[in-house]
Amino acid sequence: MRFQGKMASNKRNILYVDGYNIINSWENLKNLQKESLEEARELLISEMAEYASLSAEEVVVVFDAYRSDSVKETIEKRLGITIVYTKKYQTADTYIEKQMHKLARRHNVRVCTDDAQVQSLAFERGATRITSLELYNDLLNKRLNIKKFNKKRFKANFDKFPLSEELVEKIEKIKKDLLKE
């Protein structure tokens, strides 16, 4: 018997992030890199791990020629994301372009960079582009939505269980004290 139905879609949602481009664009990372580039990279990795969990996208952060003497790229998986350090003389742009060529027609690929040439190439290859500012704002909005959701859920739970006036007043005082900090 022949299978007549459609195949299930196995499209992945993948976001490629030009690491140093973001570090040089986001104010907090730009300031941090002046003290320590390593700390700026680690903070970006942490932020992108959070973004991956909030967006349900596979996030790949690409740093160019981190290990400048390395003849091959280094790929590590950490915090639920992939971190790529390109090989000697390879830029993040060329790595991302190569991945777009391989994946953009079969998967939902987004590229985060402020480089106009890479953005144009993303469009040509069937990927979409997002600027560093758009990514930053998207991360902030996702965080805000989680806060709103948690606040709403807390209020719903709070309303379900009747509390004495005295206890409600104490809780309100604690909330006000916490907001002051």
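Refer to the preceding data block for the structure.
A few points on the structure. Predicted, not measured: the structure shown is a model, and the values here were computed from it.

Procedures and definitions
- Residues numbered from 1 in each chain as written.
- Predicted model: local features only at pLDDT ≥ 70, side-chain atom pairs only at ≥ 80, totals over all residues.
- Heavy atoms only, no water.
- Pairing = 2+ DSSP bridges.
- Helix = DSSP H or I, 4+ residues; strand = E, 2+ residues; numbered from the N terminus.
- Axes fitted to C-alpha atoms, helices over the stretch in contact; angles between N-to-C directions.
- Contact = heavy atoms within 4.5 Å.
- Core = buried A, V, L, I, M, F, W, Y, C linked by side-chain atoms within 4.5 Å.
- Buried < 20%, exposed > 50% of the residue type's maximum accessible area, 1.4 Å probe, protein only.
- Salt bridge = Lys/Arg side-chain N within 4 Å of Asp/Glu carboxyl O.

Relative to strand β4 (residues 81–85), strand β3 (residues 74–78) runs antiparallel, the two being bridged by five bridges. Counterpart to E76 in the pairing with β4 is I83. Two successive antiparallel strands, β3 and β4, enclose a turn made up of two residues, where L79 displays a positive phi of approximately 55 degrees.

Judged by pairing direction, the sheet is mixed, and its six strands sit side by side in the order β3-β4-β2-β1-β5-β6 without closing on themselves. At either margin of the open sheet sits one strand with a lone partner, and together these are β3 and β6 (128–130). Pairwise comparison of adjacent strand axes, ignoring direction, gives a mean angle of 20 degrees for this sheet. Two elements, strand β1 (residues 13–18) and strand β5 (residues 108–112), share five bridges in a ladder whose sense is parallel. Paired with V17 across the two strands is C112, which belongs to β5. Contacts between helix α3 (residues 37–55) and the sheet are confined to β1, β2 (58–63), β3, β4 and β5, with β2 contributing the most and set at about 165 degrees to the helix.

Where a protein is soluble and globular, its nonpolar side chains tend to be buried together. Counting residues in hydrophobic clusters, the biggest one holds 25 residues, and the most contacted among them are V17, L44, M48, V59, F63, I81 and L135. Looking at this core, the elements with two or more residues in it are β1, α1 (19–23), α2 (27–35), α3, β2, β4 and α6 (132–160). Setting aside its immediate chain neighbours within four residues, L44 contacts G19, I22, I23, W26, L29, V61 and F63. Membership of the second largest hydrophobic core comes to 17 residues, among which are Y16, A92, A104 and V109.

Right, let's talk about the pattern of salt bridges for a bit. Summed over all chains, the structure comprises 13 salt bridges. The closest approach of N and O atoms between E47 and R143, which form a salt bridge, is 2.1 Å. Here E47 is found in helix α3, whereas its partner R143 is found in helix α6, with 96 residues between them in sequence. Taking relative accessible area as the criterion, E47 reaches 10% and is therefore assigned buried. R143 gets classed as partly exposed once you look at its relative accessible area, which sits at 27%. The partner of K173 in a salt bridge is D177, with the nearest N and O atoms 3.1 Å apart. Residue K173 and its partner D177 are both found in helix α7 (residues 165–180); the two are separated by four residues, about one turn of the helix. Residue classification places K173 among the exposed residues on the basis of a relative accessible area of 52%.

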